[in-house]
Every structure is written in structure tokens, then in C-alpha cells.
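# Chain and residue survey
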Amino acid sequence: MLLILSLWSFSIQTPTIRIHVLHFDKWQPLLRTISDKFLSFGLDTGLLRKMNELPVGQEKFINLARHLSPAYVRVGGTAADCLTFDQNQQKSSEKILSPVDGQNISNFTISGADLLAIYDFTVKAELRMIFDLNVLLRNSDGSWNDTNAREIIAFAKNQDMELDWQLGNEPNSFKHVFDVAVSAIELAKDYDRLRQLLNEAGYIESILVGPEVNHVGEASNVGEKYAETFLRNQRSTVDYVTWHQYYLNGREAKVKDFVTPLIFNWLPGQIKGMEEFVVASGKSIAMWLSETSTAFGGGAPELSDRFVAGFLWLDKLGCGASTGNIGLNVITRQSLFGGNYAMVSPDLAPNPDWWVSVFYKQFVSEKVLKLPPNDLSHVRLYAHCTPRRALIARVPAVTIYGMNIDRNAVRVDIPELFVQPSKLVKIFFYSLTADYLQSSEIKVNGEVLKLRPNGDLPPFRPRILDPTDPIILPPYSMAFMVIHGLEVPACSV
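Rules behind the numbers
Residues numbered from 1 in each chain as written. Predicted model: local features only at pLDDT ≥ 70, side-chain atom pairs only at ≥ 80, totals over all residues. Heavy atoms only, no water. Helix = DSSP H or I, 4+ residues; strand = E, 2+ residues; numbered from the N terminus. Rg over C-alpha atoms; globule rule 2.2 N^0.38 Å. Buried < 20%, exposed > 50% of the residue type's maximum accessible area, 1.4 Å probe, protein only. Areas by Shrake-Rupley, 256 points an atom, 1.4 Å probe, with all protein chains shown as cover. Lys, Arg positive; Asp, Glu negative; His and termini not counted. Charge placed at Lys NZ, Arg CZ, Asp CG, Glu CD. Domains from an automatic or database assignment. Contact = heavy atoms within 4.5 Å. Buried area = accessible area lost by both parts, 1.4 Å probe. Salt bridge = Lys/Arg side-chain N within 4 Å of Asp/Glu carboxyl O. pLDDT = per-residue confidence, 0-100. Disulfide = S-S within 2.5 Å. Pairing = 2+ DSSP bridges. Axes fitted to C-alpha atoms, helices over the stretch in contact; angles between N-to-C directions. Patch = residues over 30% accessible without salt bridge, like charges linked within 9 Å, V, L, I, M, F, W, Y side chains within 5 Å. Polar contact = N/O pair within 3.5 Å; in protein donor to acceptor, adjacent residues only side chain to side chain. Expected span 1.5 Å × (residues − 1).

## Comments concerning the overall build of the protein chain
- Of the regular secondary structure elements, the protein chain holds 11 helices and 23 strands.
- Relative to the 2.2 N^0.38 estimate, which gives 23 Å for 493 residues, the radius of gyration of the protein chain is 24 Å and therefore close to what a compact globule would have.
- Considered along the principal axes of its C-alpha atoms, the protein chain spans approximately 85 × 45 × 45 Å.
- Split into buried and exposed, the 493 residues of the protein chain put 57% on the buried side.
- Taken as a whole, the protein chain presents about 21,100 Å² of accessible surface, with 52% of it coming from carbon and sulfur.
- Each charge sign in the protein chain was given a centre, from 47 positive and 53 negative side chains, and these centres are 4 Å apart.

## Observations concerning the domain arrangement of the protein chain
- Domain annotation of the protein chain identifies domain 1 (18–29 + 371–491) and domain 2 (35–364).
- Measuring from the centre of the C-alpha atoms in domain 1 to the corresponding centre in domain 2 gives 31 Å.
- Taken together, the contact pairs 44 residues of domain 1 with 34 residues of domain 2.
- Across the interface of domain 1 and domain 2, roughly 3,300 Å² is buried in total on both sides, 73% from carbon and sulfur atoms.
- The largest per-residue losses of area from domain 1 upon contact with domain 2 belong to Leu437, Gln438 and Phe480, which jointly make up 18% of the total buried on that side.
- At the boundary of domain 1 and domain 2, one finds 1 salt bridge.

## So, the confidence of the model for the protein chain
- Per-residue pLDDT for the protein chain averages 94, and the proportion of residues at 70 or more is 95%.
- Considering only residues more than four positions removed or in separate chains, one finds that residues 1–14, a stretch of pLDDT under 50, has 0 contacts.

## A closer look at the state of the cysteines
- Evaluated as defined, the whole model comprises 1 disulfide.
- Across the disulfide from Cys385 sits Cys491; the S-S distance is 2.0 Å. Taking the sign of the torsion about the S-S bond as the criterion, the disulfide between Cys385 and Cys491, at about -85°, is left-handed. Taken together, the residues span a long stretch of sequence, with Cys385 in strand S15 (residues 379–385) and Cys491 in the segment after strand S23 (477–484) at a distance of 106 residues. By the burial criterion, Cys385 is buried, and Cys491 matches it.
- Among the cysteines around Cys319, which has no disulfide bond, Cys385 carries the closest sulfur, lying 19 Å off.

## Thoughts on the sheet that holds strand S1 (residues 18–21)
- Pairing within the open sheet is mixed, and its 3 strands lie in the order S1-S17-S22. The open sheet has two edge strands, S1 and strand S22 (471–473), and neither has a second partner. Adjacent strand axes in the sheet meet at a mean angle of 35° when their direction is disregarded.
- Across 3 bridges, the pairing between strand S17 (residues 410–413) and S22 is antiparallel. Bridging from a neighbouring strand, Arg411 pairs with Ile472 of S22.

## With respect to unusual backbone geometry
- Cis rather than trans, the peptide bond between Ser69 and Pro70 has omega equal to 0°.
- Mapped onto the elements, Pro70 comes out in the loop between helix H2 (59–66) and strand S4 (72–76).
- Here the bond from Gly210 into Pro211 is cis, since omega is 15°, no more than 30 degrees from zero.
- In this structure, Pro211 sits in strand S10 (residues 208–213).
- The backbone of His215 sits at a positive phi, close to 60°, despite the residue not being glycine.
- The backbone of Tyr476 shows a phi angle near 45°, a positive value even though the residue is not glycine.
- Within the element layout of this structure, Tyr476 appears in the loop between S22 and S23.
- Classification of Tyr476 by relative accessible area gives partly exposed; the value is 24%.

## Some words on the pairing of S17
- Two elements, S1 and S17, share 4 bridges in a ladder whose sense is parallel. Bridged to Arg18 within S17 is Val410.

## Section: a nonpolar patch on the surface
- A grouping of Leu262, Trp266 and Leu376 is seen on the molecular surface, where their side chains present a nonpolar patch of about 340 Å² in accessible area.
- Mapped onto the elements, Leu376 comes out in the loop between strand S14 (367–369) and S15.
- For Leu376, a relative accessible area of 57% gives the class exposed.

## Points about the environment of Leu48
- One can find Leu48 in the loop between strand S3 (39–44) and H2.
- In this structure Leu48 comes out as buried when scored by relative accessible area, which is 1%.
- Separated by 442 residues in sequence, Leu48 and Ala490 place their C-alpha atoms 45 Å apart.

## Here we look at the side chain of Thr109
- Along the chain, Thr109 falls in strand S7 (residues 108–110).
- Within the structure, Thr109 has its side chain in polar contact with the side chain of Thr84 (distance 3.0 Å).

## Quick notes on helix H9 (residues 266–280)
- Its 15 residues place the ends of H9 22 Å apart at the C-alpha level, agreeing with the 21 Å of an ideal helix rising 1.5 Å per residue.
- Listing the buried residues of H9 in full gives Leu267, Pro268, Gln270, Ile271, Gly273, Met274, Glu275, Phe277 and Val278.
- Gly282 sits one or two residues past H9 and shows a positive phi near 85°.

## What to know about the pattern of salt bridges
- This model, assessed by the stated rule, comprises 22 salt bridges.
- As a salt-bridge pair, Asp239 and Arg195 come within 3.9 Å of each other at their nearest N and O atoms. Taken together, the positions of Asp239 in the loop between helix H7 (222–233) and strand S11 (240–249) and Arg195 in helix H6 (residues 184–201) put the pair 44 residues apart, joining distant regions of the chain.
- Under the relative-accessibility criterion, Arg195 is labelled buried at 10%.
- Between Arg232 and Glu228 there is a salt bridge, with its nearest N and O atoms 2.9 Å apart. Residue Arg232 and its partner Glu228 are both found in helix H7; the two are separated by 4 residues, about one turn of the helix.
- Take Glu228: its relative accessible area is 15%, and that puts it in the buried class.
- Taken together, the salt bridges that share partners define one network made up of Arg74, Asp132, Glu212 and Glu291.

What follows is the structure, given as C-alpha cells:
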């Protein structure tokens, strides 16, 4: 009996550590090069209804956004198709709620001062703004009424604003949300007209993205078919094909959904499926995931802004950069501020996903490398060349990042490291953990991450490992491994 008890006690104190073997080919070519603004984010147009509550003028908020530069900030969403512009005043109509998700879909007006305030924020934060114009301003014959768009464009140009543009939000769902239908063929004509307006106003270099479809990956392929028809009928005016993606319903999501591999594996199929329809349109054009988060409907309360949300977010960045033939060029996180999925809380404290994004910006470059696919594994890893700013004495490096969404620790073995001169290779290891999955705090190597009093980032102190040291991913953890001294010739091109 004593022997049995001692063995049982030992088994409790010694948790199982699985081994994950990761093979890395240092001679591989680059898989692709993504935008330096690959990790971008949105500010929902609905926030412009109450400009006095949007902290775009506060230095703390500007500083938090600047730490995520370079990036696009997309000012768009359902409310974009409720917005009109009046240079001299702001006003709102009687409140109308969408029968779909309770969103406010009443019309409202922003002023020139409002638009300038948003733009000044983006300039100070060293961001590039994308503005979503209202496509539901229609003439009696059903065509787009571009009068208000011309006013916005003229005002922006007179104020020397450097902007990019889109037109409408989730047009394949207009009938459902607004009880109005705009066909893909009609929208293609609207985009051609907008491109003409932009060129005439002097915005020739500004990019135009669309069609902003949702419901991608469903059995009906409704979003993909709308995008294909749109692409077939527009005169190559769109620079990137844009679509939206969420994994979960914010009102129904549970903690387990955020750490279940099956949920993670929806995205690769959606990317490849959309690619097929883009190719079928006859157009060779890269894609943006222009609005995305863990859960739609504003996010899942006490989940989408907590530590556990970081797994789906970081995996989306890795998967989005490495999946498909065309691939994703930009991923726009919904959102920086506002809603349960915000990266910055109402009191301007950074949520865990903001910190995950900062680590990504610090240690991951736009040069994508290939690793074996993750499939249904709880260990999900991705590789990029290390950005120059993170190199030490210009020694070449590769960044491997990802997560362990298992309850047990995992040891990662990279056999190819053992054939490197061990004195030259050092692994700077950053493990991101929390005391519990729904924590509002996040730790790096055991230390809670907090900004310095002046708003600067704290020093990120790595654990420095030799190639012979075990690489341990704790249970429910994210990790960034910067392997200094691992030379991949493709990274130096």
C-alpha cells in the first residue's frame, strides 16, 4: 500500500511532458513576403457616433497605437453604411437597431473636425488610415449616389490627408441587415466610379480594397461567390480582395472553444477556399483579411479581451501568413478600441492581445518561412526571418513562434540545431503565460508585463538557451523563439 501511494504521489508531482519534433530546412526559399503592415487593426465606424468618448486625442492612446506601427488602421464596419459627411456639423437621427445583432444602424453625420481628429491620431501614431465610404447612399435608379463621397474626398485632399479607401461593409449581407440589396455587379460599377473619383482628386497612389464580404467558408459559398462576381465585373480597380472572418459567436462562445484545435483549423480552409474563387475570377490579386477577431457580435465577454484569446489571434497571424498560394497580405484585427474584442481597454490599459501583437511586431518580419503543417496538433508553430531591429551585432537569426494549447507541457526538439556550431547559436526564448486562462494580465518568462510610467515598453528579458538545452513550452502558453546564429540564406536576400 505504501508503495502504491508513493508511486501515485510521484505521478502527480511529475507531469507528463510530450515531445514535439520540429524539422527546419535552413536552405529553403522564402515562402512569401507579406506587407510590413501585416498586423493591422480597426476602429469601428460606430465609435464615431460619440466622438467625445473616443480617446484619439489622448497621448496615452496614441502611444499604445504607435507601439503597433507600422500598421493600417481601418475606420470601417456596419456603421460605415450609415455615415454621411458634413464639413460643418455632426448630427444623429433616431436610433434604429439591427434585428440581426442589435447594432445601431441609424444614420449619422460626422464633421470635418471629426475626420481631422481621427486622421491626426493616425499621423501621430505613425499609422496609415483606410476610410470606409457609405455605399448605401443610392439614387432612385439604384445606382450609387457619390455626392457625399466626393465631399469627403475633396475635404481630405484639401487637408493634405494621405488615405486609402474602401466602399461599403459586408455587402452580401445588406438584405439581412438593412433590407437593401446591392448586387456584386452593381458594387463593381460603384468601385470603378470611386477609383475614377480618387484619381481625379489626386489620390492616384491611394489603394482601394474590396469587396469586404463575410460568410466565407460556409457550405453555400455565399461570400466567395459574391467576391468572384465582383472581381469579374470591376475594371481591375481593386488592389486587394478583402473579406471578414470570425471563429465564434460572441454570445455563445465558451473557454474551451479558444483552445480546441478543430476551431483553429477552420481558417486554413477558408483561406484556400477564397483563393479558389479569386483564381476563378480570372484576376491575379492578393487578399486581405480586413476585419477579423475571435468572435463576432463585439466579441465574447470576459474571453475575447483576456489571455485565452491570444491563442487564436497569434495562430491567425501565423496561419494567415503561411497558408495558400496567394495568401494573405494584411490581417486587420477588430479592434484596437471598443467592444469585448478590443486590444486596449476603456481605461486605456493594454489587454493581453495588445502585448502579443507587440511581441509579433518586435520579433517577426514580413519574410515568411515554411514549417510542417500544424494539422490537429495542440502545438502550433510558425517561422519567419527575424527583423533587422531584433538582430544582435547583425548575426543572422530566425524567429519561430506559436503556442501550446495543451494542459501538459511540451518539449520542442529541433534536430537541425544540433548540426550547428553550438557556440554560435543561442536561443532567446520568450514564454507568454498567465495565472489562469481568463486573466487580464499576461507574463513573459514569469514576469507580469506592464508599461513603464512614461508609456515606454519594458525590457523583454529572454531566457537564453543553448541548442542542447531543452525548449519547454508550458501548458497553455505562447512562445517566441529567436534563434540567433541560425543562418537561412533566403533571409539575407
